[in-house]
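A closer look at the structure
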Amino acid sequence: MQSLIKNHIEQHIRTMEMVASSMVDDIERCCQLLTDTLRQGKKILLMGNGGSAADAQHFAAELVGRFILERRALPAIALSTDTSILTAVGNDYGFDEVFKRQVEALAAPGDTVIGISTSGRSGNVYHALAAARAIGCKTVGLLGRDGGTIAGIVDVNLCVPVNFTPHIQEAHVTIIHILCDLLEKRLFSGLS
């Protein structure tokens, strides 16, 4: 049992080393995009399924509430939280439309829409990001594996290139925390 525990931790460390060695520039680009979005008085919309839905909600909560600094609330909406909308749209239009319809209703040009998908192939996330681009939003994919179909349609592709979903999710949470930390410092502490 201890060897299984150690193996999981060692794989996690290797994943984080991969993020540190290959994703820093993309994380920086994403941070700049989000900084520009918020400085222009626009909002961030986030979505994902399952654990990625929880990550979208976590990210939105850190922005609306706070991460570390006491500061004003930042406009962020997790599209996975309204069960009435999710079930009505899912029932009437199909599951692939549950995020797209919300993007069409809530997004405006200049907003940033973030789709989280460990496979990069979530149909409902893909359709929502395509709708966001048509509206004039910037788009970000927080993805895994090879980035899937979503990687090809986003302005910033944050892809954790491993195949084990738990390690992808662990890296996603770390990236979310890095982005929250940098956003607070840039927007409220004068970090450029």
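The structure we're discussing is the one just above.
In this text the structure is predicted, and so the values were computed from the model without any measurement.

The subject of this paragraph is the packing of helix α1 (residues 2-22) against helix α7 (residues 165-188). Where α1 contacts α7, the axes come no closer than 10 Å and their chain directions differ by 50°. Of the possible angle classes, the one that applies to α1 and α7 is oblique. You can see that α1 and α7 cross each other, and the crossing is right-handed. Packed against α1, whose contacting residues are H8, Q11, H12, T15, M16 and V19, the element α7 presents P166, H167, E170, A171, T174 and I175 at the interface. Per-class residue counts for the contact of α1 with α7 are five nonpolar, six polar and one charged.

Taken as a whole and assessed by the stated rule, the structure comprises zero aromatic pairs. Lying across the ring of Y93, R101 places its NZ or CZ 4.3 Å from the centre.

Here S122 is to be found in the loop between β3 (112-117) and α6 (123-135). Not counting chain neighbours up to four residues away, the residues in contact with S122 comprise N49, S117 and I150.

Reading across from one edge, β2-β1-β3-β4-β5 is the order of the five strands in this open sheet, with parallel pairing throughout. Taken across any chain shown, the strands that pair with only one partner, and hence form the sheet edges, are β2 (76-78) and β5 (156-160). Recorded for the sheet is a direction-independent mean angle of 15° between the axes of neighbouring strands. When strand β1 (residues 44-48) meets β3, the two strands line up parallel, connected through five bridges. Bridging across to β3, L45 finds its partner in V113. With respect to the sheet, α6 is in contact with β1, β3 and β4 (138-144), its orientation differing from that of β3 by roughly 165°.

What follows deals with the pattern of salt bridges. Applying the stated criterion across every chain yields a total of ten salt bridges. For K43, the salt bridge goes to D111, with nearest N and O atoms at 2.7 Å. Of this pair, K43 sits in the loop between α2 (24-39) and β1 while D111 sits in the loop between α5 (100-106) and β3, and the two are 68 residues apart along the sequence. For the pair shown, K43 and D111 are each scored as buried.

Looking at where E62 falls in the secondary structure, it is placed in helix α3 (residues 51-64). In this structure E62 is buried but unpaired, with R71 as the nearest side chain of opposite charge at 6.5 Å. Leave out the neighbours within four places in its chain, and E62 touches F67, R71, H177 and C180.

Moving on, we come to helix α4 (residues 83-93). Put simply, D82 is the residue that caps the front of α4, since its side-chain oxygen is 3.1 Å from the backbone nitrogen of S84. After α4 finishes, the residue G94 shows a positive phi value of roughly 105°.

Bringing the packing of α2 against α7 into the picture now. Axis separation between α2 and α7 bottoms out at 10 Å; the angle between their running directions is 50°. Here α2 is positioned oblique relative to α7, judged by the angle of their axes. With respect to the hand of their crossing, α2 and α7 are arranged in right-handed fashion. Residues I27, E28, C30, C31, Q32, L34, T35, L38 and R39 of α2 form the contact with α7, whose participating residues are I175, I178, L179, L182, L183, R186 and L187. Across the contact of α2 with α7, the residue classes break down as eleven nonpolar, two polar and three charged.

Calculation notes
- Residue numbers run consecutively from 1 along every chain, following the written order of its sequence.
- It should be noted that, the model being predicted, local features are given only for residues of pLDDT at least 70 and side-chain atom pairs only at 80 or more, the latter also being counted only at that level, while totals for whole chains, interfaces and linings use all residues.
- The side-chain values count all of the structure's non-hydrogen atoms but skip hydrogen atoms and water molecules.
- To get an axis, a line is fitted to the C-alpha atoms, and for a helix only the part in contact is used. The angle between two axes follows their N-to-C directions and goes from 0 to 180 degrees.
- Secondary structure elements follow DSSP: runs of H or I of four or more residues count as helices, runs of E of two or more count as strands, with numbering from the N terminus.
- Angle categories are assigned with fixed cut-offs, so that under 35 degrees is roughly parallel, over 145 is roughly antiparallel, 65 to 115 is roughly perpendicular, and the rest are oblique.
- Take the far helix as your reference; a near helix turned counterclockwise from it by less than a right angle gives a left-handed crossing, and one turned clockwise gives a right-handed crossing.
- Whether two residues touch is decided by their heavy atoms; if any such pair falls within 4.5 Å, the residues are in contact.
- Residues are grouped as follows: Ala, Val, Leu, Ile, Met, Phe, Trp, Tyr, Cys and Pro are nonpolar; Asp, Glu, Lys and Arg are charged; all remaining types, including Gly, are polar.
- For this analysis, a ring pair means two rings from Phe, Tyr or Trp (six-membered ring only for Trp) whose centres lie within 6.5 Å, classed as stacked if their planes differ by under 30 degrees, edge-to-face if by over 60, and tilted for the remaining angles.
- Here, a charge over a ring means that NZ of Lys or CZ of Arg falls within 6 Å of the ring centre while also lying within 35 degrees of the ring normal.
- Any two strands with at least two DSSP bridges between them are considered paired.
- The salt bridge criterion pairs a side-chain nitrogen of Lys or Arg with a carboxyl oxygen of Asp or Glu, the two atoms within 4 Å.
- In this scheme, a residue with accessible area under 20% of its type's maximum is buried, one over 50% is exposed, and one in between is partly exposed, where area comes from a 1.4 Å probe on protein chains only.
- Positive charges come from Lys and Arg, negative ones from Asp and Glu, while His and the chain ends are left out of the count.
- We call two N or O atoms a polar contact when they sit within 3.5 Å, provided that within protein one can donate a hydrogen and the other can accept it, with sequence-adjacent residues counted only if both atoms are side-chain atoms.

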